[in-house]
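# Structure at a glance
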Amino acid sequence: MDTSVYRPLDPEAGMPDGAPAVRGRALTKLYGRGEATVRALDGVDVDFAAGHLTAIMGPSGSGKSTLMHLLAGLDAATSGQAFIGATDVTALGDTELTRLRRERVGFVFQSFNLLPMFTAEQNIVLPVDLAGGTVDREWFDTLVGTLGLAQRLTHRPSELSGGQQQRVAIARALITKPDVVFADEPTGNLDSRSGAEVLSFLRRSVRELGRTIVMVTHDPTAAAYADRVVLIADGRIAGEIQDPTPESVLAGLDALRTLDDEPTLAPAVQR
Amino acid sequence: MLRLTLAQMRRSIGRLAGAGVAVLIGSAFVAATLLAGTAMTSTLVDTIAARYADADLVMADGVGVDQLADVRAIPGVTAAAATDTTYVELANGGTSRYEALTPTRGDERLEPQTLTDGRLPTADGEIAVSVDAADGLDVAVGGAVEAHVYQPDETGNWVETTVPVTVVGVLDDPAGAYQADAGAAEVTPEQFQTWTNGDPAAWGWSEAAVLVADGADVDEVAAAITEAVPQDYATTVSTTEQAALDAAAAMTGGNDVFTAVTLAFAAVALVVAALVIANTFQVLVAQRARTLALLRCVGADKAQIGRSVVLEALILGLVSSAAGVLAGFALVQVGLSVAEGLDLDAPLPAVVQPSLAAVLVPLVVGTLVTVVASLAPARSATRVAPLAALRPAEAPALGRRAGRVRLATSALLVLGGAALLGLGLLAGSQGSVEVGLLAGIAGGGLSFVGVVLGAVFWLPHLVAGIGRLLASSGAAGRLAAANTLRNPRRTTATATALLIGVTLVSMMSVGAVSARASMLAELDAKYPVDLTVDGGQSSITPDGVEPGKEITPAALGAVRAVDGVEDVAEVATAIATAPDAGDAGWTLDLVAIAPDDAQRVVADPTGYAGIADDVALVAPDWAAAYDLADGDVLDVAGESGTVPLTVRVADVVEGYRLTAVVSPATLDALSASAPVTTLWVEIADDADPLQVQQDVITGLGDDAYVVQSPAAERAQVESTVDTMLAVVVGLLAAAVVIAVIGVANTLSLSVIERRRESATLRAIGLSRVQLRLMLSLEGVLIAVVGAVAGIGLGLLYGWAGAFTALSAMGDVQLGVPWRDFALVLVGAVLAGLLASLVPARAAVRTSPVEALAAD
């Protein structure tokens, strides 16, 4: 992993091929002050490759959600930098962050967060609406076809199953062709069958539509759908797993637990 | 359970605050009304008592002149004096004024007024006048004025007599005994009797004040006086205080009406407050559904849950009403202090005089309204199933569908009310205004209750319609429109609160505009011009035709010279007959004006375009009454000759009997010596008609000319109508303010409810500005819907009311107060924006991170 001091790329030059879509550099987040200070993130350096589905995994309180918030510009870092493409999101104000979220970032939430008064289609195109743009119909049809929503477009969220709602949410996240989609426990509120369905759709979005997805999860089965798993513990990167299987992810988590017992040793995680 | 209720209240204190303020305003209104009513009554009692000065007893209901002398002889009576009041016209040179007149009391302690100069009159031909009269008539002690009094002549006919009197004193009225008349003049009791009855001893008095000697027992003296009342007298004796209270009670018919009307507006404010409260509690219950379900899970029964909500309302109601009473007191105190600062002559109390009613009534009513408003929410709280605690917390389901009972009730009320309203219209057009108004008010009230009850059925459609307009404005508009419709019941209740106030305001405004238009149309028909100077038309006396007083060249010049007089036309008049017409011939007034002059000075001169020789222009009403049609030929005979005149029906001056407008040449042929008796004056647009009228009167300096100014009258009508409208709208302001608080409250509650959603929107690219805009548009949408519906209803009710009340008067002009409607709409937009300020501030603070938070 590259831990050298990061030199920002020239934003005008565009992204070199195969460059990471999202990067964190020395990201630190402290909560509280004085005695009660909690170090949620402690100098994290991490890259997320474009065109990949990457899972961030770790036990509760490990800092995985905090990492995602900082990378997505939803929360301010205490120190360090987070980049989406060439943009330093830690340096942006609220207006620029809003524009960034609108145009270059998509979100998938654990509890779907669809607007109940809008139909599936209206929900999907909402980000374009908010930006005042026009919907790319071809891309919309592709998304709807890939996610199997063609028959559900006129339904309201209350008329959709959990899995269908989450697929609508994924379509909403992808409609603006964002640089990256952040998914926060996307299967947390779903039964295992719907969960598996949603995860395979996420993977298809990456493989067939060329999108970049960063997914936070604590479920090894979910993580196994990713191309790569980043393990995090106690606010630090604890290792990573390429081409994970549920078994290898479990093994990695077990190693983390061992790590808790022997804090001085770097873990022997499969690379 | 009490502890739990209090804990829940503490948690929702911000959400309850809006409802609390609504109750506060309503109960403050009630308290202030009652306090002001009390202050006015006590002022009146003081004023009446001041008439009796230091008297201990008052004899009322008729006191004989001899009886008064007898009373003075009763042991323990120090003095007794009549205290009657009448009016007299006093004149000095060209100016004259009506003055209150009361007899001198003959004893300093019974004297209600004090001298600032001179002395009290002691003989016939002497008078003491008020400071105001001395100023107005420009007289001082030693000066002379004329009193115009009516007295019977030798044959017993009452005729106006002018009596010269000498001013011997100038009186001040520090106690306000004659405050309504700006002081009273005083003459001796004998003079008073002569002026009012023509005979100093013929009649008695209506009342008298009695001063009891120190040490004498007032009750005993009263008994003695009562004892001595002659057989056929109805004299009553009471203490001064009691007499003043009785007299005030007899007079406060008007005062009670004031209190009743104001309380009716307070009731409207409270109904609106009830809507706001019910809405708030409904939302609170929805938001607490989980907690309530949890309580049910751990063993609370339905009744306990319901009681908890009602208890919460009880506490809220009590606290807010108590605050409202204090606010009401403060308001009236501020009013009194301001009045004192203005140095009005009115002897108003300097400090609020609290009454038990002013404290208890608003307290009880405010609390009751709050509790009653919470009953329906309490019922829905009891319906929360224990199971709800186990379900994942999702946004509360959309409002249940409104019941059939509500639909049926509302339809019944609307239809029944409309039928009554129709009946009222019919009765009004048939001339029975009172029956019509009663039916109209009952019908209007019923149908309005029906419309409000059924608002949930029709108002959401209006929201959807207006929302569609909004939706085309962009994403924020689309979101706002959708948000407003997601909870139709809440939106309906919020908009309805505003609708009530707006309906009443626009109804009043429509009524005012229609009344004004109708009255002005009436004026226009009677008087074609801005101002007329009339020497009096020719009249028929037993001795023959007496010509009207001619307008002299000097008078004409004087009128022309007045500032603000734009143009003057001379009108000659004469009386003529049409001997062959009808059964016994007709008498008609001839009015001659040159065609050019008419075109210049008449406001709407189209009717006068037809002035030509040998033509008689007749107003349509007269034509109808005399069965005249265009082209009829009438042989008209005047002093100088007979001319056949061709009738043309046209919009010309109507006059008081059959009037024909003719050309000057025609009048010459009929009545060569007909004088110019009338001037038609056009007032400049930028001049004040009242001032011009005053200046013309002063300029003429001769009260034989009657100066009438429809323009001045019009200005007066307009200002009266405007003032009344302003008062009514001011009284309705409380209801509107409460409704706006209701809009803000609803938005705040929605913002709290939609925390997660706002965060999601922020996360997917809604900017802070857009979020703010969305909430503003929601507020504006609700407010505009309330305003539009209110304007529509107000227009209907206003027209119905105007037609019912005015159709007996003549043609009703149904007006539309566009300016007022525009103001209401602009106000609604501003109110919506204002109402969204605080909620929007809370909403934009929501971090997008909250969208990610698991429950």
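Predicted model only: the values in this text are computed from it and were never measured. (Residues numbered from 1 in each chain as written. Chains lettered and ligands numbered in written order. Predicted model: local features only at pLDDT ≥ 70, side-chain atom pairs only at ≥ 80, totals over all residues. Heavy atoms only, no water.)

### Some thoughts on the overall build of chain A
What chain A contains, in helices and strands, is 8 helices and 10 strands. Looking at the 271 residues of chain A, the share that counts as buried comes to 54%. (Helix = DSSP H or I, 4+ residues; strand = E, 2+ residues; numbered from the N terminus. Buried < 20%, exposed > 50% of the residue type's maximum accessible area, 1.4 Å probe, protein only.)

### Comments concerning the sheet that holds strand β2 (residues 38-49) of chain A
Residues and elements named next belong to chain A. Spatially, β2-β1-β4-β5 is the arrangement adopted by the 4 strands of the open sheet, whose pairing is antiparallel. Of all strands in the sheet, those bounded by a partner on one side alone are β2 and β5 (87-88). Strand direction decides the pairing type here: strand β4 (residues 79-84) and β5, joined by 2 bridges, are antiparallel. Looking across to β5, one finds that I84 is bridged to T87. Across the face of the sheet, helix α1 (residues 64-71) comes into contact with β1 (20-31), β2 and β4 while running at roughly 120° to β1. (Pairing = 2+ DSSP bridges. Contact = heavy atoms within 4.5 Å. Axes fitted to C-alpha atoms, helices over the stretch in contact; angles between N-to-C directions.)

### Looking at the confidence of the model for chain A
As a general rule, the predicted coordinates of low-pLDDT regions are not to be interpreted in detail. All names here are of chain A. In this model, chain A carries an average pLDDT of 84, and 88% of its residues clear a pLDDT of 70 or more. Between residues 1-17, whose pLDDT stays under 50, and residues either more than four places distant or in other chains, the model counts 18 contacts. Within the model, pLDDT remains below 50 along residues 262-271, and this stretch shows 11 contacts once partners closer than five positions in the same chain are excluded. (pLDDT = per-residue confidence, 0-100.)

### Structural notes on the sheet that holds strand β1 (residues 57-60) of chain B
Residue and element names in this part refer to chain B. Spatially, 4 strands are ordered β2-β10-β1-β11 in an open sheet, and the strand pairing comes out antiparallel. Only two strands of the sheet have a single neighbouring strand rather than two, namely β2 (77-82) and β11 (236-239). Pairwise comparison of adjacent strand axes, ignoring direction, gives a mean angle of 20° for this sheet. Note that β2 and strand β10 (residues 208-212) share 5 bridges and pair antiparallel. Counted as the bridge partner of A79 is L211 from β10. Here helix α3 (residues 65-73) sits on the sheet and contacts β1, β2 and β10; the angle it forms with β2, its principal contact strand, is near 165°. Helix α7 (residues 240-251) contacts β1 and β11 of the sheet and is inclined by roughly 110° relative to β11.

### Let's talk about the interface of chain B and chain A
Contacts between chain B and chain A engage 24 residues on the former and 23 residues on the latter. Remark: the boundary between chain B and chain A carries 3 salt bridges. The shortest N-O distance in the salt bridge between B:R478 and A:D129 comes to 2.9 Å. Our enumeration of links across chain B and chain A arrives at 10 residue pairs in polar contact (both at pLDDT 80 or more). When its residues are assigned to classes, the side of chain B that touches chain A shows 12 nonpolar, 6 polar and 6 charged. (Salt bridge = Lys/Arg side-chain N within 4 Å of Asp/Glu carboxyl O. Polar contact = N/O pair within 3.5 Å; in protein donor to acceptor, adjacent residues only side chain to side chain. Nonpolar A, V, L, I, M, F, W, Y, C, P; charged D, E, K, R; others polar.)

### Some details on the packing of aromatic side chains
Under the criterion given, the structure shown has 7 aromatic pairs over all chains. Considering the side-chain rings of B:F192 and B:W205, the 5.5 Å spacing of their centres and the 35° angle between planes classify their relative orientation as tilted. Here B:F192 is found in helix α5 (residues 189-197), whereas its partner B:W205 is found in the loop between α5 and β10, with 13 residues between them in sequence. For B:F192, a relative accessible area of 3% corresponds to the buried category. On the basis of relative accessible area, B:W205 is assigned to the buried category, the value being 7%. Here the aromatic cluster, defined as three or more aromatic residues joined through ring pairs, consists of A:F107, A:F109 and A:F182. Sitting over the ring of A:F140, A:R137 keeps its end group 4.4 Å from the ring centre. Its end group placed over the ring of A:W139, A:K177 keeps NZ or CZ at 5.1 Å from the ring centre. (Phe/Tyr/Trp six-rings, centres within 6.5 Å; stacked < 30°, edge-to-face > 60°. Lys NZ or Arg CZ within 6 Å of the ring centre and 35° of its normal.)

### Topic: the nonpolar core
Core analysis: the largest hydrophobic core is formed by 109 residues, its most contacted members being A:L126, A:L130, B:L479, B:I738 and B:L761. Considering each element in turn, this core owes the most residues, 17 residues, to helix α24 (residues 768-806) of chain B. Ignoring sequence-local partners within four residues, the contact set of A:L126 consists of A:L115, A:F118, B:L479, B:L761 and B:I764. Judged by nonpolar contacts, the second largest core, of 64 residues, contains B:A572, B:A687, B:V692 and B:L700. (Core = buried A, V, L, I, M, F, W, Y, C linked by side-chain atoms within 4.5 Å.)

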